[in-house]
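Reading the structure
So you can see what is in the structure, the chains are spelled out below.
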Amino acid sequence: MARTLLLTAAILILTAYADTTLIRDSSTLDGTWTVRNANGSIEADAVVPGGIYTDLRTAGILSQDIYYRFNDIEYRWVSRDDWTYSTNFQVAPELIQKQQIFLVFHGVDTVASVYLNDEHIGDCDNMFVRYSFPIKSVIQSGENHLEVRFQSAITAAQARSEEQAKNYVVPPDCVPKEYRGECHANFLRKMQASFSWDWGPAFPSAGLWKSVVLEAFDTAVIRDVTTNIQQMEDHWLIDVNVFLESGEEVSEVSGKFEVILQLDTQPMTVTKEATLTPDQSGDLKATVQIEVPKEEVELWWPNEFGAQKLYNLSVTFQDSSEQEVSQTSLKVGFRTIELVQDPVEEGTGLTFYVKVNDVPIFSKGSNWIPSHVLPEKSADPVTIHHLLSSSKKAHMNMLRVWGGGLYESDLFYQLADEMGILIWQDFMFACALYPTNEEFLQSVTTEVKQQVRRLQHHPSLAIWAGNNENEGALRDNWYGTSGSNYSIYKADYIKLYVDTIRTAVQAEDDRPFVVSSPSNGLETEKEGYIADNPGSSLYGDIHYYNYLGIGWQPSTYPKTRFASEYGFQSLPSFKTLSAVSEPSDWSLASDFSDHRQHHPGGNSEMQIEMLQSLPVPADITSPEEYQTFIYFSQIYQAMAIKTETENYRRWRSTLLSDGQGLTMGALYWQLNDIWQAPSWASIELGGKWKILHYFACNFFAPVLVSPFVTDSGNLEVHLISDLLQDMETLLTISVYKWDSLTPVYEVSSNHTLRSASAGKEVDLYLSDFLHTAGCEDDVLQSCFLYFTLSAQDGQVISPNNFVFPSSLGNLVNFKRANIVVDTVTPGAEANEFEVDIKTDGVALFVLLETDNIEGHFSDNGFIMVTPTRRIQFNAKQSISSDQLKQAITIVSLADFQ
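The structure contained in this document is the topic of the report that follows.

Scoring rules and cut-offs
Residues numbered from 1 in each chain as written. Predicted model: local features only at pLDDT ≥ 70, side-chain atom pairs only at ≥ 80, totals over all residues. Heavy atoms only, no water. Helix = DSSP H or I, 4+ residues; strand = E, 2+ residues; numbered from the N terminus. Rg over C-alpha atoms; globule rule 2.2 N^0.38 Å. Buried < 20%, exposed > 50% of the residue type's maximum accessible area, 1.4 Å probe, protein only. Core = buried A, V, L, I, M, F, W, Y, C linked by side-chain atoms within 4.5 Å. Contact = heavy atoms within 4.5 Å. Pairing = 2+ DSSP bridges. Axes fitted to C-alpha atoms, helices over the stretch in contact; angles between N-to-C directions. Disulfide = S-S within 2.5 Å. Phe/Tyr/Trp six-rings, centres within 6.5 Å; stacked < 30°, edge-to-face > 60°. Lys NZ or Arg CZ within 6 Å of the ring centre and 35° of its normal. Right-handed = clockwise from strand over helix to strand, strands pointing away. Polar contact = N/O pair within 3.5 Å; in protein donor to acceptor, adjacent residues only side chain to side chain. Salt bridge = Lys/Arg side-chain N within 4 Å of Asp/Glu carboxyl O. Parallel < 35°, antiparallel > 145°, perpendicular 65-115°, else oblique. Left-handed = near helix turned anticlockwise from the far one by under 90°.

**Details of the overall build of the protein chain**
Secondary structure summary: the protein chain contains 19 helices and 47 strands in total. Relative to the globule expectation of 29 Å for 897 residues, the C-alpha radius of gyration of the protein chain, 29 Å, shows essentially globular dimensions. Summarising its shape, the C-alpha atoms of the protein chain cover approximately 95 × 65 × 65 Å along the three principal directions. Counting every position in the protein chain, which comprises 897 residues, the buried fraction comes to 62%.

What follows is the structure, encoded as structure tokens:
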């Protein structure tokens, strides 16, 4: 398809990818292209930015949703073929007169050769790198023909693995068979999870997943801007680093730089004239300093610690001829950030926590995976906004961008800035060893440099991490590397993550950097970067999974410094699963259920977990009980992660004599789903909240009353606070029998809620307390406890909490409650509703669902101990109160007895 580029040097143009304006010739080549396969049997319109699966689906060549039933296998042929994207475009004569003409690819997935007018102009093999190809000698006035010829990622990975094996093998050879994926993803700088994972399918796509831009200029263009913001005694000092791009043959560039910081009172403007020559890295770099009086700016704070004040910073470069201007703008925040790793006062170990503006932060949140398996769909603004706003609603202040996915879109980090969500940013290496040949390391160096420069200015960015779990994989011999070649693999590990990635990061940024996650932080470095026990609870962060322990018992979990991964599986809702399946699939024994479960033994583990604590029907795996299994799996997951998270939060202020404790981070695995399948996620593909996410809104609350029963039978009640001031409170403990909404016993006591701490306020023997309360002989089975914390003025300041003294499979006089929607009335905002429900008995894990109405409730999966309860519903569409009332269905635990 031809297009005409009518460009003149006097036109102000907005580039398609960066927030950069340029008085020069520039035009996007985004839009409709053509794509064909290797033998020419398939040809279709394509869209850039995009990808081959999206294009073939749009063209009707793929007739079904790629996620429908077994289409990850049925459509694998797409990934095995080679594909060529092509377009024709017209160029005006004025453009050809420019001294520098570049074709800029902002995202190529992944192995491709680029041809302009049948001349080879460059190769690509890293989807995380921006490629700029000089084309002045190739481009012509009038029509031009551009082709990007992609090699199958599967084929390319296999070939590189075979070449490496001539020297020594770099494992793993392939993913576990249960993943139903492809092999050797570690040989490509491509989204590792696109070859499959234990929560996602294999769709190793190909395509131009970000914009393609044609640029023409005489001097130079701003390519990146970074900001180093330091707090001085009475001012903030900003080093604004401006990186220009010009032709390789250019020996110097002269011009004027202008930096404007837009303050609330007035703009601050600094100008600098400079002549730049390429430095040792080949960069044309200018640094402009700004001194900002402290009283002129507000601090940026994480969510619920203060405001997220941002300031616009614009940077302009004008060449010495004053004929060309390149301008970019970004937003910055003023804050300090530290990763504190100090010796503990008793026992062995180092602390591990984030400090922002000199305030220690208990990091609360989750782990982020790509929001779609196709990279071009992972930047969908609606999806990103929903997931991040859902995180904020759950009181999260940190998300870890996991290292097997993508460096996320600019919008993702912009929203994190605005919402106060700190980002722990892994580099994209996960669960594998990697090659360290010269070409691979050079590609990684470019990747790290570009990504750090792109992301560095965001105040939300807190920590860089070199990889996901690769230190542990090497130390714990995941891939049989402990033999004679261990020294080679260790040397490769250090060469990649320390000598290459860390060096590249520290050349660009001064943020905290950890070599791996999990790791022992500074202790790992002291031990030569491969610690004896990378999962130690006394240092750094841990990833902790235990599917055989009692998930609802706190003693199952460690007393660690920082839990950056932990979790349990559940199934997504029936509504979500049924959209990609047919009735014959709706059984745990079906081929579909087996196919979607990529975690080895996952369905059996969920069943075993349920049996620990829930009244599981004998035929739970039968087709008739499929929806029961879904519901029970979500209950177990929510309760287990609630138990584990509260355990970590309770240990923030306590240090045992052996050094355990002082936990300052809880990031559960995982926030979001990549397809409709069993996973650890709290939010399903499509945005529906599981019970877990509703629970997260409670267990991450800034103030929390947190009770539990010890292994010795004592009831402990802890008060947890993220607040920065003390508060006087009233704690009420209510004892209920299972057959009554009226408590049989209540006791209240006054307590001081200490700022930024967690402490034990009640410790008593539970059986004696329940006897005193009037429970029968089977006190642990006949009663449960409910906890309320309020301020002295009576205002409830914590989510209510509860303790079940025994397994829910052994309760006395627990009966099915009749729960109905009483009224639904419009709320204060558009598409917001007040929903009043009624019950005639105690109801556990009350789950409200809406048929074909998208949205979420203010609470769900809750315990009901009062005759009425009002909750809110926020709809994503315009509906009436009557429509919502008719759509709501309600289930609770006793419905399945």
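**With respect to the nonpolar core**
Of all hydrophobic cores here, the largest spans 199 residues; its most connected members are Phe105 and Phe845. Ranked by residue count, the leading element in this core is helix 15 (residues 626-650), at 12 residues.

**Focus: the environment of Ala817**
Tracing the chain through its elements places Ala817 in the loop between strand 40 (801-803) and strand 41 (819-826). Placed 358 residues apart in sequence, Ala817 and Pro459 show a C-alpha to C-alpha distance of 49 Å. If we ignore the near neighbours within four places in the chain, the residues touching Ala817 are Thr839, Asp840, Gly841, Val842, Ala843 and Asp895.

**Observations regarding the sheet that holds strand 45 (residues 862-864)**
Read from one edge of the open sheet, three strands run 45-43-47, paired in antiparallel fashion. The strands lining the two open edges of the sheet, one partner per strand, are strand 45 and strand 47 (888-891). When the angles between neighbouring strand axes are averaged without regard to direction, this sheet yields 40°. With four bridges joining them, strand 43 (residues 843-850) and strand 47 adopt antiparallel strand pairing. Opposite Thr850, over in strand 47, you have Ile888 as the bridge partner. Contacts from helix 15 reach strand 43 and strand 47 within the one sheet, and its direction differs from that of strand 43 by about 120°.

**Looking at the pairing of strand 41**
In summary, the side chains of a regular strand alternate between the two faces of the sheet. As judged from the seven bridges shared by strand 41 and strand 42 (residues 832-839), these two strands associate in the antiparallel manner. Bridge pairing in strand 42 places Thr823 opposite Asp836. Remark: five residues form the turn of the hairpin made by strand 41 and strand 42, two consecutive strands paired antiparallel; Asn831 in that turn has positive phi of roughly 60°.

**Considering the state of the cysteines**
A covalent bond between the sulfur atoms of two cysteines is what we call a disulfide. If you walk through the whole model with that rule in mind, you get two disulfides. What pairs with Cys174 in a disulfide is Cys183, and their sulfur atoms sit 2.0 Å apart. Between Cys174 and Cys183 the disulfide shows an S-S torsion of about -75°. By sign, it is left-handed. We classify Cys174 as partly exposed; its relative accessible area is 30%. Paired by a disulfide, Cys775 and Cys783 hold their sulfur atoms 2.0 Å apart. One disulfide, between Cys775 and Cys783, carries an S-S torsion of -115° and so falls in the left-handed class. This pair shows no difference in class: Cys775 is buried, exactly as Cys783 is.

**Let's talk about the packing of aromatic side chains**
Taken as a whole and assessed by the stated rule, the structure comprises 55 aromatic pairs. Taken together, a centroid distance of 4.9 Å and an interplanar angle of 75° make the contact between Phe699 and Phe700 edge-to-face. For the residue pair Phe699 and Phe700, the accessibility class agrees, reading buried in each case. Feature note: the residues Tyr736, Trp738, Phe784, Tyr786, Phe802, Phe804, Phe814 and Phe845 constitute an aromatic cluster, connected by ring pairs. Across from the ring centre of Phe429, 3.9 Å away, lies the NZ or CZ of Arg189, which sits over that ring. Between the NZ or CZ atom of Arg453 and the centre of the ring of Phe243, over which it lies, the distance is 3.6 Å.

**Remarks on the pairing of strand 29 (residues 461-465)**
When you tally the buried positions in strand 29, you get five out of five residues, the bulk of the element. Examined bridge by bridge, strand 28 (residues 422-426) and strand 29 share four bridges and lie parallel to one another. From the neighbouring strand, Ile423 faces strand 29, where its bridge partner is Leu461. Following the chain from strand 28 across helix 8 (residues 438-455) to the adjacent parallel strand 29, one finds a crossover that is right-handed.

**Describing the side chain of Asn126**
Residue position: Asn126 is located in the loop between strand 10 (119-124) and strand 11 (131-134). Among the polar contacts listed, one links the side chain of Asn126 to the backbone nitrogen of Phe128, at a separation of 2.8 Å. Here Asn126 is in contact with Val108, Thr110, Tyr131, Arg189, Ser443 and Glu447, once residues within four sequence places are set aside.

**Considering the pattern of salt bridges**
As enumerated under the stated definition, the model contains 40 salt bridges in all. The residue Asp594 makes a salt bridge to Arg180 at a minimum N-O spacing of 3.1 Å. Here Asp594, found in helix 13 (residues 591-596), pairs with Arg180, found in the loop between helix 5 (153-165) and strand 13 (195-197); they are 414 residues apart in sequence, far enough to count as distant. Accessibility expressed as a relative area gives 22% for Arg180, which makes it partly exposed. Here Arg869 and Asp859 are joined by a salt bridge, their closest N and O atoms 2.7 Å apart. Of this pair, Arg869 sits in strand 46 (residues 868-875) while Asp859 is found in the loop between strand 44 (855-857) and strand 45, placing the two residues 10 residues apart along the sequence. The exposure class of Arg869 is partly exposed, given its relative accessible area of 24%. On the accessibility criterion, Asp859 (12% relative accessible area) is buried. Salt bridges sharing partners connect three or more residues here, namely Asp283, Lys449, Arg453 and Glu508.

**Things to note about the environment of Phe833**
Of note, Phe833 is situated in strand 42. Setting aside residues up to four positions removed in sequence, Phe833 forms contacts with Val824, Thr825, Pro826, Gly827, Ile871, Gln872, Phe873, Ala875, Ile879, Ser880, Ser881 and Leu884.

**A look at the environment of Ser41**
Residue position: Ser41 is located in the loop between strand 5 (31-37) and strand 6 (43-48). A distance of 3.0 Å separates a polar atom in the side chain of Ser41 from a polar atom in the side chain of Asn37.

**So, the packing of helix 8 against helix 10 (residues 486-508)**
The packing of two helices is summarised by the inter-axis angle and the distance between the axes. Between helix 8 and helix 10, the shortest axis-to-axis distance is 9 Å and the interhelical angle comes to 30°. Classed by the angle they form, the pair helix 8 and helix 10 counts as roughly parallel. Read as a crossing pair, helix 8 and helix 10 show a hand that is right-handed. Counted together, Phe440, Leu441, Val444, Thr445, Val448, Lys449, Val452 and Arg453 of helix 8 and Lys495, Leu496, Thr500, Ile501, Ala504, Val505 and Glu508 of helix 10 form the full contact between these two elements.

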